[in-house]
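Listed below are the residues making up each chain.
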Amino acid sequence: MIIGSQPWNELAAVKQRLADRGWFPGTSGNLAVRYDSDSLLVTTSGINKYDTTDDSFVHVTNNGEPIDTSLRPSLETLLHLQIFEKTNAGCSLHVHTVNNNVISSVYKAHGNIRFKNQELIKAFGLWEETDELVIPIIDNPADIPTLAALFEPHIRGDKGAMLIWNHGINVWGKDAAEAFKLLEAAEFLFDYQLKLNQANYYNRGVYLNDNNKITAKW
Ligand SMILES: CSCCC(=O)C(=O)COP(=O)(O)O
Ligand SMILES: [Zn+2]
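Our subject in this report is the structure included herewith. These numbers come from a predicted model, not from an experiment. (Residues numbered from 1 in each chain as written. Chains lettered and ligands numbered in written order. Predicted model: local features only at pLDDT ≥ 70, side-chain atom pairs only at ≥ 80, totals over all residues.)

1. Section: the overall build of the protein chain
Move 1: Looking only at helices and strands, the protein chain features five helices and ten strands.
Move 2: C-alpha atoms of the protein chain, sized along the principal axes, occupy 65 × 35 × 30 Å.
Move 3: With 218 residues in all, the protein chain has 35% of them scored as buried.
Move 4: Here the analysis covers contacts within the protein chain between residues at least 6 apart in sequence; of these, 58% occur between residues at least 24 apart. (Helix = DSSP H or I, 4+ residues; strand = E, 2+ residues; numbered from the N terminus. Buried ≥ 20, exposed ≤ 12 C-beta atoms within 10 Å, placed from the backbone. Contact = placed C-beta atoms within 7 Å.)

2. Notes on the nonpolar core
Inside soluble globular proteins, nonpolar side chains tend to come together where they are buried.
Move 1: Core analysis: the largest hydrophobic core is formed by 50 residues, its most contacted members being Leu 41, Val 171, Leu 182 and Ala 186.
Move 2: Per-element accounting of this core gives the leading share, eight residues, to helix α5 (residues 176–202).
Move 3: Contact partners of Ala 186, with chain neighbours within four places excluded, come to Ile 135, Ala 161, Ile 169 and Val 171. (Core = buried A, V, L, I, M, F, W, Y, C linked by C-beta atoms within 7 Å.)

3. Comments concerning the sheet that holds strand β6 (residues 132–138)
Move 1: Here we have eight strands laid out as an open sheet, ordered β3-β2-β1-β4-β8-β7-β6-β5, and mixed in their pairing. Of all the strands in the sheet, the pair left with one neighbour each is β3 (57–61) and β5 (112–116). Neighbour-to-neighbour, the strand axes of the sheet open up by a mean angle of 20°, direction not taken into account.
Move 2: Each of β5, β6, β7 (160–164) and β8 (168–173) is contacted by helix α3 (residues 98–106), which is oriented at about 75° to β7, the strand it contacts most. (Pairing = 2+ DSSP bridges. Axes fitted to C-alpha atoms, helices over the stretch in contact; angles between N-to-C directions.)

4. A word on the packing of α3 against α5
Move 1: Between α3 and α5, the least distance of the axes is 9 Å, while the angle of their chain directions is 60°. Here α5 runs oblique to α3, going by the angle between their axes. Between α3 and α5 the crossing geometry is left-handed. Two secondary-structure elements touch here, α3 through Asn 99, Asn 100, Val 102 and Ile 103 and α5 through Glu 187, Phe 190, Asp 191, Gln 193 and Leu 194.
Move 2: Taken together, the residues that form the contact of α3 with α5 break down as four nonpolar, three polar and two charged. (Parallel < 35°, antiparallel > 145°, perpendicular 65-115°, else oblique. Left-handed = near helix turned anticlockwise from the far one by under 90°. Nonpolar A, V, L, I, M, F, W, Y, C, P; charged D, E, K, R; others polar.)

Right, dumping it as structure tokens:
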């Protein structure tokens, strides 16, 4: 029985935590957990993700084929499949927020956004003072296999995060709790960076370095 199974309940619970933050605007976002070694559960495509019903999740094979259902899995299932294929992650989350879209746009030319000397990078297991969190930013082609080809080389460990330009963020971790932690930490860091940039702008070109010393002026 898929409905009411441990993976179903885990996915429903993390979906509720994301819904509580309003992180499914316009039916966007999709989530997946491993069901067993041969299959996963993924959110149904195009539905309102704030509610949970028997039709919220689709059981699919490791190739993305629906199992015993006419429900349509997320259009972005291929990205989740790649994560599960290349890592030991048990949960993969994708949401669109205003902050992650603005960050992806502002830092697109760099190909990534970097955070250093920020307490919350510890959520990603980065505990040293010299550690740096690097979140790649990739293009957003409409064709999902093309997007997946851009995405795949950046899947490097059992937990991680990646931004898709003017689209959203993907995070993955060993289970829903870890994936949620990474997502929440990333969104905190994006919010911080945007507010810092704004504060620097209002300070009329006074930029602060890592030690909060003024380093440049217009
Ligand atoms: C209306 S959002 C456009 C598609 C998308 O980016 C997304 O995250 C939701 O797609 P799904 O097929 O998973 O509902
Ligand atoms: Zn999306």
